[in-house]
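Okay, here's what each chain looks like letter by letter:
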Amino acid sequence: MATKTIKIPKVVNGVTTAVDVQVEDYGNASWGPNNKHRLINSRMPRPDAPAKTTGTAMYTHDVRVPGMLFGKMLLSPYAHATVKSIDLTAAKKIVGDKAVMAIAVGAELHYEGAPVAAVAAATPELADDAVRAIKVEYTQVPHVVKGDDALKPDAPPVSLPAGAAGRGTGGGMGAGRAGRGGGTSQGTPEQVEAVLATCDAVVEAEYRTPILHHCCMETHSIVVDYNGGDSATIYCSTQGTFGGIAEAARELSIPQGNVTAIVQHMGGGFGSKGGSIGIVGQWACRLSKQLSRPVKMVMDRRQEFIATGNGPGSIQKVKAGANKDGTLVAVSSTQYSLGGIQRANIAALPYQYAAKTVYSQQLPCLTNEDASVPLRAPGHPQANFASESLMDELAFKLNIDPLEFRKKNAPRNGMNVAWQRQLDRGAKEIGWERRNMVPGAVGTGPLRRGLGCGIGAWGGGGRAQCVVTVDIKQDGSVTASVGSQDLGTGTRTYIRAIVAEELGLEMPDVLERIGNSTYGNANSSGGSTTAASLGPAVKDAAYNARIEMSRRVAPLLGAEADAVLFDGRQVMGGGKALSWKQACAALPAAGISVKGQFVASLSGNGAHGASFAEVEVDIETGHIRVIKMVHVQDAGLPLSRLTMESQINGGMIQSMGMALFEGRVMDADLGVMVNPALNEYKIPGTLEIPETVPVIDDEDPRQVVIGCAEPANIPGVGAIANAIFNACGVRVRELPITPDKILSGLMANAAKKG
Amino acid sequence: MPGTSNDPAIPKSPVNSGWSRRNFLKGVGAAAIAADTILQRVEKSAAADTVDPAAVDTPISGSIPITLNVNGRPRQVTVEPRTTLVSALRDRLDPAVTGPKVGCNMGTCGACTVILNGKPVYGCSILAIDAVGKQISTVEGFGTPENMSPVQAAMVEKDGMMCGFCTSGFVTSITALLRTNPNPTLDQVKAGCKGNFCRCGSYPHLFEAALTAAKNGGGRTGT
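These numbers come from a predicted model, not from an experiment. The written sequence of each chain sets the order in which its residues are numbered from 1. Ligands are numbered from 1 and chains lettered from A, in the order in which they are written. pLDDT decides what is reported in this predicted model: residues at 70 or higher carry local features, side-chain atom pairs at 80 or more are listed and counted, and totals for whole chains, interfaces and linings draw on all residues regardless.

A. Layout of the overall build of chain A. Secondary structure is summarised from DSSP: a helix means a run of H or I of at least four residues, a strand means a run of E of at least two, and numbering begins at the N terminus for each. Secondary structure summary: chain A contains 17 helices and 28 strands in total. Throughout, the radius of gyration refers to the C-alpha atoms, and the reference size of a globule is 2.2 Å times the residue count to the power 0.38. Expected size for 754 residues packed as a compact globule is a radius of gyration near 27 Å; at 28 Å, chain A falls within 12% of this value. By its C-alpha atoms, chain A is 90 × 75 × 50 Å across when sized along the principal axes. Counting across all 754 residues of chain A, residues that qualify as buried make up 60%. In chain A, once contacts between residues fewer than 6 apart in sequence are set aside, the share between residues at least 24 apart is 79%. Exposure classification rests on a simple neighbour count of other C-beta atoms within 10 Å of a residue's own: a residue reaching 20 or more is buried, one at 12 or fewer is exposed, and one in between is partly exposed. C-beta atoms are placed from the backbone. Contact between two residues is assigned when their C-beta atoms, built from the backbone, lie within 7 Å.

B. Local environment of the overall build of chain B. Along chain B, the regular secondary structure elements total nine helices and five strands. Shown N-terminal to C-terminal, the secondary structure of chain B runs as helices and strands in the order α-α-α-β-β-α-β-β-β-α-α-α-α-α. Within the span of chain B, comprising 223 residues, buried residues form 56% of the whole. In chain B, the proportion of contacts linking residues at least 24 apart, taken out of those at least 6 apart, comes to 61%.

C. Representation of the domain arrangement of chain A. All names here are of chain A. For every domain, the bounds stem from an assignment made automatically or drawn from a database. With domains assigned, chain A is organised as domain 1 (2-58 + 462-601), domain 2 (63-143), domain 3 (220-298) and domain 4 (313-460 + 604-753). Computed over C-alpha atoms only, the centres of domain 3 and domain 4 are separated by 37 Å. The interface is formed by four residues belonging to domain 3 together with five residues belonging to domain 4. Its residues assigned to classes, the side of domain 3 that touches domain 4 comprises one nonpolar, three polar and no charged. When residues are sorted by character, Ala, Val, Leu, Ile, Met, Phe, Trp, Tyr, Cys and Pro go into the nonpolar class, Asp, Glu, Lys and Arg into the charged class, and all the rest, Gly among them, into the polar class.

D. Quick look at the sheet that holds strand β13 (residues 259-262) of chain A. All names here are of chain A. Pairing between strands is defined by DSSP: at least two bridges between them are needed. Spatially, β5-β7-β3-β14-β11-β12-β13 is the arrangement adopted by the seven strands of the open sheet, whose pairing is mixed. Looking at strand neighbours, the two that pair on one side only are β5 (100-102) and β13, the edges of this open sheet. Each strand of the sheet is rotated relative to its neighbour by a mean of 20 degrees, with strand direction disregarded. Bridge count between strand β11 (residues 221-225) and strand β12 (residues 232-236): four bridges; the pairing is antiparallel. Across the sheet, valine 223 pairs through a bridge with tyrosine 235, a residue of β12. Every axis in this analysis is a line fitted to C-alpha atoms, fitted for helices over the stretch in contact. Angles between the N-to-C directions lie between 0 and 180 degrees. Across the sheet, helix α6 (residues 245-252) lies against β11, β12 and β13, angled at about 135 degrees from β13, the strand it touches most.

E. Spatial organisation of the interface of chain A and chain B. Counting from both sides, the interface comprises 59 residues of chain A and, opposite them, 60 residues of chain B. Contributions of two or more residues to the side of chain A that touches chain B are made by α1 (49-53), α2 (89-95), α3 (124-133) and α15 (641-660) of chain A. With seven residues, the single largest contributor to the side of chain A that touches chain B is α15(A).

F. Layout of the packing of α15(A) against helix α16 (residues 716-728) of chain A. All names here are of chain A. The N-to-C vectors of α15 and α16 enclose an angle of 55 degrees; their axes lie 8 Å apart at closest approach. Overall, the two elements α15 and α16 adopt an arrangement that is oblique. In terms of crossing hand, the pair formed by α15 and α16 is right-handed. Residue-level contacts link Gly651, Met652, Ser655, Met656, Met658, Ala659 and Leu660 of α15 to Gly716, Val717, Ile720 and Ala721 of α16. Per-class residue counts for the contact of α15 with α16 are eight nonpolar, three polar and no charged. Here roughly perpendicular refers to angles of 65 to 115 degrees, roughly parallel to angles under 35, roughly antiparallel to angles over 145, and oblique to all remaining angles. Crossings are assigned a handedness: left-handed for a near helix turned anticlockwise from the far helix by less than a right angle, right-handed for a clockwise turn.

G. Spatial organisation of the sheet that holds strand β1 (residues 64-70) of chain B. Residues and elements named next belong to chain B. Sheet architecture is open: five strands sit in the order β2-β1-β5-β3-β4, paired in mixed fashion. Because the sheet does not close on itself, it has two edges, and the strands there are β2 (73-79) and β4 (119-122). Along the sheet, successive strands turn relative to each other by an average axial angle of 45 degrees, direction set aside. Note that strand β3 (residues 113-116) and β4 share four bridges and pair antiparallel. By the bridge assignment, threonine 113 is partnered in β4 with tyrosine 122. Along the sheet, helix α4 (residues 85-92) contacts β1, β2 and β3; its crossing angle with β2, the most-contacted strand, is approximately 95 degrees. Strands β3 and β4 of the sheet are contacted by helix α7 (residues 167-180), whose axis makes an angle of about 35 degrees with β3.

H. Region of interest: the environment of Val141(A). All names here are of chain A. Inspection of the secondary structure puts valine 141 in the loop between β8 (135-140) and α4 (147-150). Classification of valine 141 as partly exposed rests on a count of 17 C-beta atoms within 10 Å. In this structure, valine 141 is in contact with His80, Ala81 and Thr82, ignoring residues within four places of it in sequence.

I. The arrangement of the confidence of the model for chain A in detail. Averaged over every residue, the pLDDT of chain A is 94; the share at 70 or more is 96%. A score between 0 and 100, pLDDT records how confident the predictor is in each residue. In the model, residues 165-183 of chain A has pLDDT below 50 throughout and makes 58 contacts with residues more than four positions away in sequence or in other chains.

J. Representation of the pairing of β1(B) in the model. Residues and elements named next belong to chain B. Residues of β1 alternate between two faces, with Ile64, Ile66, Leu68 and Val70 buried on one and Pro65, Thr67 and Asn69 left unburied on the opposite face. Bridging between β1 and β2 involves seven bridges; their strand directions are antiparallel. Its bridge partner lying in β2, isoleucine 66 is registered against valine 77. Count of turn residues in the β1/β2 antiparallel hairpin: two residues, of which asparagine 71 carries a positive phi of about 50 degrees.

K. Representation of the nonpolar core in the model. Counting 295 residues, the largest nonpolar core has Val119(A), Ala120(A), Ala121(A), Ala130(A), Val499(A), Ile720(A) and Ile724(A) as its most contacted members. Of the residues forming this core, the biggest block, twelve residues, is contributed by helix α13 (residues 530-557) of chain A. Take the buried Ala, Val, Leu, Ile, Met, Phe, Trp, Tyr and Cys residues, join any whose C-beta atoms are within 7 Å, and the set you get is a nonpolar core.

L. Layout of helix α6 (residues 150-158) of chain B. Burial runs high along α6(B): eight of the nine residues are buried. Those residues of α6(B) lying buried are Pro150(B), Val151(B), Gln152(B), Ala153(B), Ala154(B), Met155(B), Val156(B) and Lys158(B).

M. Local environment of helix α12 (residues 491-502) of chain A. Residues and elements named next belong to chain A. In a helix, the anticipated span is given by 1.5 Å times the number of residues less one. Taking 1.5 Å of rise per residue, the twelve residues of α12 would be expected to cover 16 Å, and the 17 Å separating its terminal C-alpha atoms lies within 8% of that figure. Burial analysis of α12 places twelve of its twelve residues in the buried class, the great majority of the element. Here α12 has its buried residues at Thr491, Arg492, Thr493, Tyr494, Ile495, Arg496, Ala497, Ile498, Val499, Ala500, Glu501 and Glu502. For α12, the elements touching its buried residues are β19 (467-472), β20 (478-481), β21 (510-513), α13 and α15. Just past α12, the residue glycine 504 takes up positive phi, approximately 70 degrees.

N. Spatial organisation of the environment of Ile400(A). All names here are of chain A. Mapping isoleucine 400 onto the fold places it in the loop between α9 (380-398) and α10 (402-409). Looking at isoleucine 400, the number of C-beta atoms within 10 Å reads 18, which means it is partly exposed. It is 70 Å that separates the C-alpha atoms of isoleucine 400 and leucine 556, two residues lying 156 residues apart in sequence. Once you skip the residues sitting within four places of it in the chain, isoleucine 400 turns out to touch Gly326, Ala395 and Phe405.

O. Focus on the packing of α6(A) against helix α7 (residues 278-291) of chain A. Residue and element names in this part refer to chain A. Closest axis-to-axis distance for the α6/α7 pair is 8 Å, and the angle between their directions is 35 degrees. Both α6 and α7 take part in a crossing whose hand is right-handed. Across the interface between the two elements, Glu247, Ala248, Glu251 and Leu252 from α6 touch Gly281, Gln282, Cys285, Arg286, Ser288 and Lys289 from α7. Taken together, the residues of the contact of α6 with α7 break down into three nonpolar, three polar and four charged.

P. Focus on the domain arrangement of chain B. Residues and elements named next belong to chain B. Looking at chain B, the domain boundaries give domain 1 (14-141) and domain 2 (143-215). Contact with domain 1, which involves 14 residues of that partner, is made by eleven residues of domain 2. Contributing elements (two or more residues each) for the side of domain 1 that touches domain 2: β3 and β4. With three residues, the top contributor of residues to the side of domain 1 that touches domain 2 is β3. For the side of domain 1 that touches domain 2, a count of residues per class yields eight nonpolar, four polar and two charged.

Set out below in structure tokens:
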């Protein structure tokens, strides 16, 4: 840390004198202490909020360009089929010969929702008419859509379509992988068995989670503004402004450099819009190319469910043992990840916990369903539900406080301190001492309350990719430009805050310009890496802008360039002060334009969190109500507290959805999704929202930016499942935990007691 | 609809193509007359807030010009009978009114919520022709970024949104709630917007915003 002495003017008894002040300047390699920021790490409203609350924020769904046609897709109604014939005559009569496209006769369709044809029309209604007028004959081929069926030796083979990233083998089950991720195998299944034989408590369980859906409120969509010629603009609802350019250029047969991508606002991604233009983009580009007219393609809600990717399900078989002193000693697991036609990732068990002897194996289980894509912490909430349930089951068998059991078995590494601290903090917030010492024993009426907890881990580190430009004009206006996108996570908020703080300005003084590929490069938002990648680059650009301003303004102040202070919308030094506008008036006509890039020392890696839940179970109806949730999350330096709290709330609420409501339901015989609608695939609504306590872990000493959107989504599922057990004594190992499972469990418990 | 094609393969306008597919009304002249008659019935029904059986008996087809009263202004728009109110606002009005969003198009998510004659309704579940003669208020009508309504300002202050796609619907539902119940409890706020989904999970902050807005003038529009 460098302390600088700067002469600033001070008025005493009407006389201006120069006084020396000591200023800490951390340069561009350090953020300085987390508690010494003026705007960063404070509760700033997001600058894009006024546009969003007044309906003026422009989403891809809202874009309409001159001459634009409305595109619609026809998708496969079968899980597995070949196209026998396609008759486009009637459709072409409605919208014209060139406005209808279809796949080739004979093509194989691998899932319900595989693209078959697309049309473009002057109105959405006409496009619907044209889609309905397309006549397709299919030849059905045997399919498999249930994990259990896919694991049978005689399961129909699931062959992958060209371009799918996975490498499936014949049959529902792909080649196995052992020892991936955190649960690196230190033993064989036989070695684990030998240790288990000596354990004081052993749990053998199978945990299951269904295939999930992102349910972004804005469905996958694109507007391809192409009118012939060699250039185009694409408006895409995407997590990566730059991610679809190559694909669009290829489909339109134009140079990549001639494609501009715009994503001003986007209505939710959660992993499903990771940079590709997707099916909607490919077909919109093809129609646009053929017609030399702009085409807008928007997935309808049903199509969004069956054709835009899912979050993988899981079947996790686990056997684990612990000793009376509370030490987890051996874990053996086989985890099948259900990713449709795509091999999906799942975090290895025992997730973040440590055990001496571990065997861990992850296997894909392929079915005739759309390809899984990342869903908020891909494969982590699934594995975490298993590990946190398992830990609770072992603690119960050993009659140990589940919280103490977790503390004891958290890995002995740098993360350990964080979890110990977060578990204590969360326990205090939820009132952990109120839990039932004997699960289900407390209460006389039908409503039984219980508490549960869990911990989770994530990376959230930064990558070197972003290029940020800060422009300062003669009139004092400041813009920070970068092509990055804001998914609602608060990207705009911290860009503005970082620049304003560095230049001694306020939030309204800076304008951030993002979501446009003509601005500087930026990575797509995935893995909670955006803040840790972009934040440092913004800081670097803002710092460079400050240095450049100092150099320009110092002569006016009669100060050395490194003895200039930017504070309170003033530029001070040499005993003088200029208002920001006065200082900028001295700039050349074009103003100044300064770039910044990723600075590794400003970003960190490794996020930790702990979730707690209080639930109420009605033992007469099986109805579950979450009363309160607490999530403690570290993020190094929190860039923006209000939006971070929103993210933590969102994580808790999505994990509640996964725990209690959500799951794709497939019809095994028909091979189709039974609940492809928001009134059938249940997501949390206003009436289910518990009291939420989002806690930012300010005791995290790291002065670096770490992403935290995904980790907030990880341990809540296990915490709720464990709270349900604590409330009523029913351990449900298959998500979602619906009332019927509670009632079955209560009956089974009663039968056991006799 | 800006821009029409010179390509004969592409329908020149919604009007022409609509006719060719249906034979209820033939010829442009007849259509204009029929449309007028139908419109009168529709307007009459709307004004009386009842259904005129004659209007129901007569098939309405093709594209017809109607006038929608959107945020206090009469707006001319050409629609098909099956065109939903939200599609008329978003896809057909020019300039478009895109505050109300389409999240599900089947009356579940609430992103399309508008206030119709004082009541919050799903814009995707009302036909545009059924909104003729009624007062349609959308989120744009409550305030502007420079002059926000109490609900909009409270949403900003409390961060009652993340991606923001559901926000128009929530602002509209909360505004409608506060106009009928100026001092709601938390549970009443939850019930008042139970027809709206937010996938980002902004609920706790937007509940706070609704309660804050109630203290700051409730369902008023921007001053």
